[in-house]
Amino acid sequence: MKRLLLPLIALFLGTSAWAQISAGGTPPSWHQATTIPTQEVTFPNQNVFALRADAEQVYETGGPYRVGVEVLKKLDSRTAGRWYRASNGARFWKLTIRAQDAQAIGVLFDQIFLPEGSELYVYNEDHSEKLGAFTSFNNSSEEWAIAPIRGATLTIEYYASADVKENPILDIRGISYVFRGYKKPENRAGFGDSGPCQVNMNCAEGNQWRNEQRSVVRILTKSGSFFGFCSGALVRTIDGSCPPYILSADHCAMNTSTSDFNQWVFYFNYEGPNCANPANEVGLTSESISGCDLVASSGVGDISAGSDFLLVELANGVPTSYQPFYSGWSRESTAAMNGVTIHHPSGDIKKISTYNQSLLAGSWPGTSTPNRHWQVYWTATTNGHGTTEGGSSGSPLFNEFGEIVGVLSGGSSGCTTTSSLDYYGKFSTAWSMDGTAANQRLSPWLDPDNTGIQTLPGTNPPCIPFSVEEWEGIEVSVYPNPTSRILYWETPQLTQRLEVIDAMGRVVLVFEPNELKGEINVATWAPGVYFLRMETSENLGTTRFIVP
């Protein structure tokens, strides 16, 4: 049964964490005819059975979905590892870390300094997975992390050409010892650790949600000594600045310190290339960013007293090569008729779950402030019966227009309980009802100019200010919605001017019908959300429609 946790009580302080964005490439030692020496350091053995048992107990009683633990051991490039100078003057430094029975190992740094022109890589024993090159772009005088690499053995390799004279600083504080969530594919029931009912994102169920899927990320969290999985999504701001904000759940950051946030890892596009499970993970985990700043949180001390939202800002902008999408949102209190959640159950590759009945306003069990959550029942689809699991926490709930209306707190759905419900903290509550301070509300960050806009469509970068206004005063009806052929519109007053505006704020159609009703042929239009704006002699009105 999924219960979820007490929200974060943490410092709302800025940090200067740095991104894990890498430059790509192959470790130079792989191309050397001579074997480059290394030193092997073995970390203390961990009681994996006890760690897993404790993690399950914590989760079942309302705690986070733990997958790893921090193991401290000070190492640095001055006193550990092996240095080697090649015949062409290039310098190598290598250190191999072994952690018995670990499914994966990540590296935690107190600080890192890479001279201009040097490179750093990490890779596992059989070279099936690697991360890097990390360069001077990644330099940080504060905590920094390299995401886990599958396997119980990991090698760190530094390379500098002969013309790089400065020495690096590689101050390692320990490792993230991952005890679940990284099984080898041949040891899994499906591709990953999620249940067999879950639907891969690139199945047909995701065809209408290709933009939104690019906003959803897997999050490897760090809270104190433990690591866990959650989900989240990039969100758009009205002013067009689009800072790299990730919306997730407050309980994902329980007991998280400022330095812990420096070591969170956000994985973009962690998904199979098609509907079938991939044979392996090669290339699936290469697009990640390490580190974030805490921006705002419900932070009320109890899920039942708030919406359980968390807003963080990534340490660096999202590279265009990641093809990010900034999801839109709705702060309206009206229940969505249908939609999806996109998530990483049990930290698995990206999945999609579908609902086709109206959301129900509900209350987290034992609540002191009622109706701050949406209750969701999932439906079976062609390729499964998607639900949620641990690791899905913080995932966005999308309405039929592709707008976020909630974030997952928890519930009891699963592959053996497909008819059970889940609870998503309402976006409308998170907007301004969880507290009066700026760091307890979404509104100061997503609508910094206080425009009062109720809904915002998502966008590809570069972001631009959103200018479509919502007016009350004239009712505009459109049908069918969605439509891929003819859209019929109707108003109670003669329409003097009609405009259609796309999600980027661009006017795509203007005419003067002087009618009460009419039709628009959208058969050749690009899929997406559009706004139909009508003007009469006295009023204005706007509504939305979808071209699938």
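Residues numbered from 1 in each chain as written. Predicted model: local features only at pLDDT ≥ 70, side-chain atom pairs only at ≥ 80, totals over all residues. Heavy atoms only, no water.

Another point: the overall build of the protein. If you tally the helices and strands in the protein, you get five helices and 34 strands. For the protein, the C-alpha radius of gyration of 25 Å lies close to 24 Å, the compact-globule estimate for 548 residues. On the principal axes, the C-alpha backbone points of the protein span a range of 80 × 50 × 45 Å. Evaluated residue by residue, the protein yields a buried proportion of 58% over its 548 residues. Of all intrachain contacts in the protein linking residues separated by at least 6 positions in sequence, the fraction that spans at least 24 positions is 74%. Of the roughly 21,000 Å² of accessible surface on the protein, 48% is carried by carbon and sulfur atoms. Mean positive and mean negative side-chain charge positions of the protein (37 and 54 charges, respectively) differ by 7 Å. (Helix = DSSP H or I, 4+ residues; strand = E, 2+ residues; numbered from the N terminus. Rg over C-alpha atoms; globule rule 2.2 N^0.38 Å. Buried < 20%, exposed > 50% of the residue type's maximum accessible area, 1.4 Å probe, protein only. Contact = heavy atoms within 4.5 Å. Areas by Shrake-Rupley, 256 points an atom, 1.4 Å probe, with all protein chains shown as cover. Lys, Arg positive; Asp, Glu negative; His and termini not counted. Charge placed at Lys NZ, Arg CZ, Asp CG, Glu CD.)

So, on to the layout of surface pockets. Volume-wise, the largest pocket comes out at about 910 Å³. Of all the secondary-structure elements, those providing two or more residues to the lining of the largest pocket are helix 2 (210-213), strand 20 (339-343), strand 21 (351-355), strand 33 (528-535) and strand 34 (540-547). (1 Å grid on protein atoms, 1.4 Å probe; cavity = no way out; pocket = protein on both sides within 12 Å on 5 of 7 lines; lining within 4 Å. Points joined across faces, edges and corners; volume = space filled by probe spheres on them.)

Attention now moves to unusual backbone geometry. The amide bond that connects Pro461 to the next residue, Pro462, takes the cis arrangement and shows omega of 0°. With respect to the helices, strands and loops of the structure, Pro462 is situated in the loop between strand 27 (455-456) and strand 28 (477-479). In the segment running from Tyr479 into Pro480, the intervening peptide bond is cis, with an omega of -15°. Note on placement: Pro480 falls in the loop between strand 28 and strand 29 (486-495). The backbone phi angle of His127 is positive, close to 65°, even though this residue is not glycine. Mapped onto the secondary structure, His127 falls in the loop between strand 6 (119-124) and strand 7 (130-134).

Right, let's talk about empty space enclosed by the protein for a bit. Scanning the model with the defined rule gives four cavities of 30 Å³ or more in all. Considered as a void within the structure, the largest cavity measures approximately 40 Å³ in volume. Lining the largest cavity, in full, are Glu129, Leu131, Pro148, Tyr182, Arg218, Tyr267, Glu281 and Thr285. For the lining of the largest cavity, the per-class residue count stands at four nonpolar, one polar and three charged. (Nonpolar A, V, L, I, M, F, W, Y, C, P; charged D, E, K, R; others polar.)

Further remarks concern the state of the cysteines. Following the criterion strictly, the structure yields four disulfides and no others. The disulfide bridge from Cys203 ends at Cys275, spanning 2.0 Å between sulfur atoms. On the sign convention where negative means left-handed, the S-S torsion of about 85° between Cys203 and Cys275 marks this disulfide as right-handed. Pair noted here: Cys203 is in the loop between strand 11 (199-200) and helix 2 and Cys275 is in the loop between strand 15 (265-268) and strand 16 (288-290), with a separation of 72 residues, a long-range link. Judged by relative accessible area, Cys203 falls into the buried class, the value being 2%. Note on Cys275: relative accessible area 30%, which makes it partly exposed. The disulfide partner of Cys230 is Cys252, and the gap between their sulfur atoms is 2.0 Å. With the S-S dihedral at roughly -95°, the linkage between Cys230 and Cys252 falls on the left-handed side. Of this pair, Cys230 sits in strand 13 (residues 226-234) while Cys252 is found in the loop between strand 14 (245-249) and helix 3 (258-261), placing the two residues 22 residues apart along the sequence. The connectivity of the disulfides in the protein is 1-7, 2-6, 3-5, 4-8, where the numbers refer to bonded cysteines in sequence order. The closest cysteine sulfur to the non-disulfide-bonded Cys292 is located on Cys252, 11 Å from its own sulfur. (Disulfide = S-S within 2.5 Å.)

Now for helix 1 (residues 48-60). When the terminal C-alpha atoms of helix 1 are compared, their 18 Å separation across 13 residues agrees well with the 18 Å that a helix rising 1.5 Å per residue should span. Residues of helix 1 that are buried: Val48, Leu51, Ala55, Val58 and Tyr59. Projected down its long axis, helix 1 carries its buried residues within an arc of 95°, all on one side. In helix 1, the exposed residues that point more than 90 degrees away from the buried face are Phe49 and Gln57. Buried-residue contacts for helix 1 involve strand 2 (66-76) and strand 10 (169-178). (Expected span 1.5 Å × (residues − 1). Arc of directions from axis to C-beta.)

Chain-level pLDDT for the protein is 89 on average; 92% of the residues reach the 70-or-more range. Contacts for the low-pLDDT stretch residues 1-18, under 50 throughout, to residues beyond four places or in other chains number 87 contacts. (pLDDT = per-residue confidence, 0-100.)

We now examine the nonpolar core. Counting residues in hydrophobic clusters, the biggest one holds 53 residues, and the most contacted among them are Phe109, Leu120, Ile146, Ile156 and Tyr177. Per-element tally for this core: the top contributor is strand 5 (residues 104-113), with six residues. Leaving out residues up to four positions away in the same chain, Tyr177 has contacts with Gln46, Val48, Val67, Gly68, Val69, Val71, Ala99, Gln100, Asp101, Ala102 and Ala104. In terms of nonpolar packing, the next biggest core, distinct from the first, is built from 34 residues, Met201, Phe309, Leu311 and Ile453 among them. (Core = buried A, V, L, I, M, F, W, Y, C linked by side-chain atoms within 4.5 Å.)

With that out of the way, let us pick up the pairing of strand 10. Most of strand 10 sits out of view: nine of its 10 residues are buried. Pairing of strand 2 with strand 10 involves seven bridges; the strand directions are antiparallel. Note on strand 10: the bridge partner recorded for Gly68 is Val178. Taken together, the nine bridges between strand 5 and strand 10 define a ladder with antiparallel strand orientation. Note that in strand 10 the partner of Gln111 across the bridge is Asp171. (Pairing = 2+ DSSP bridges.)

Moving on, we come to the packing of aromatic side chains. Overall, the coordinates contain 22 aromatic pairs when judged by the stated rule. Seen in terms of ring centroids, Trp329 and Trp431 are 4.8 Å apart; in terms of plane orientation they differ by 40°. Their pairing is tilted. Of the two residues, Trp329 sits in strand 19 (residues 328-330) while Trp431 sits in helix 4 (residues 427-432), which places them 102 residues apart along the sequence. For Trp329, a relative accessible area of 0% corresponds to the buried category. The buried category is assigned to Trp431, whose relative accessible area is 5%. Geometrically, the ring pair formed by Trp525 and Tyr530 is tilted, given 5.1 Å between the ring centres and 50° between the ring planes. By relative accessible area, Tyr530 is classed as buried at 7%. An aromatic cluster is defined as three or more aromatic residues linked by ring pairs; in this entry it consists of Tyr84, Phe92 and Tyr159. (Phe/Tyr/Trp six-rings, centres within 6.5 Å; stacked < 30°, edge-to-face > 60°.)

Now for the pattern of salt bridges. In the structure shown here, the tally under the stated rule is 19 salt bridges. With a shortest N-O distance of 3.0 Å, Asp54 and Arg66 are connected by a salt bridge. Here the residue Asp54 occupies a position in helix 1, and Arg66 occupies one in strand 2, the gap between them amounting to 12 residues. The exposure class of Asp54 is partly exposed, given its relative accessible area of 32%. When the shortest N-O distance is used, the salt bridge between Lys74 and Asp110 registers 2.4 Å. A residue pair is termed long-range when its members are at least 10 positions apart, and Lys74 in strand 2 and Asp110 in strand 5 qualify at 36 residues. Taking relative accessible area as the criterion, Asp110 reaches 24% and is therefore assigned partly exposed. In the salt-bridge network here, residues are joined through shared partners; they are Glu70, Lys74, Asp110, Arg173, Lys222 and Asp260. (Salt bridge = Lys/Arg side-chain N within 4 Å of Asp/Glu carboxyl O.)

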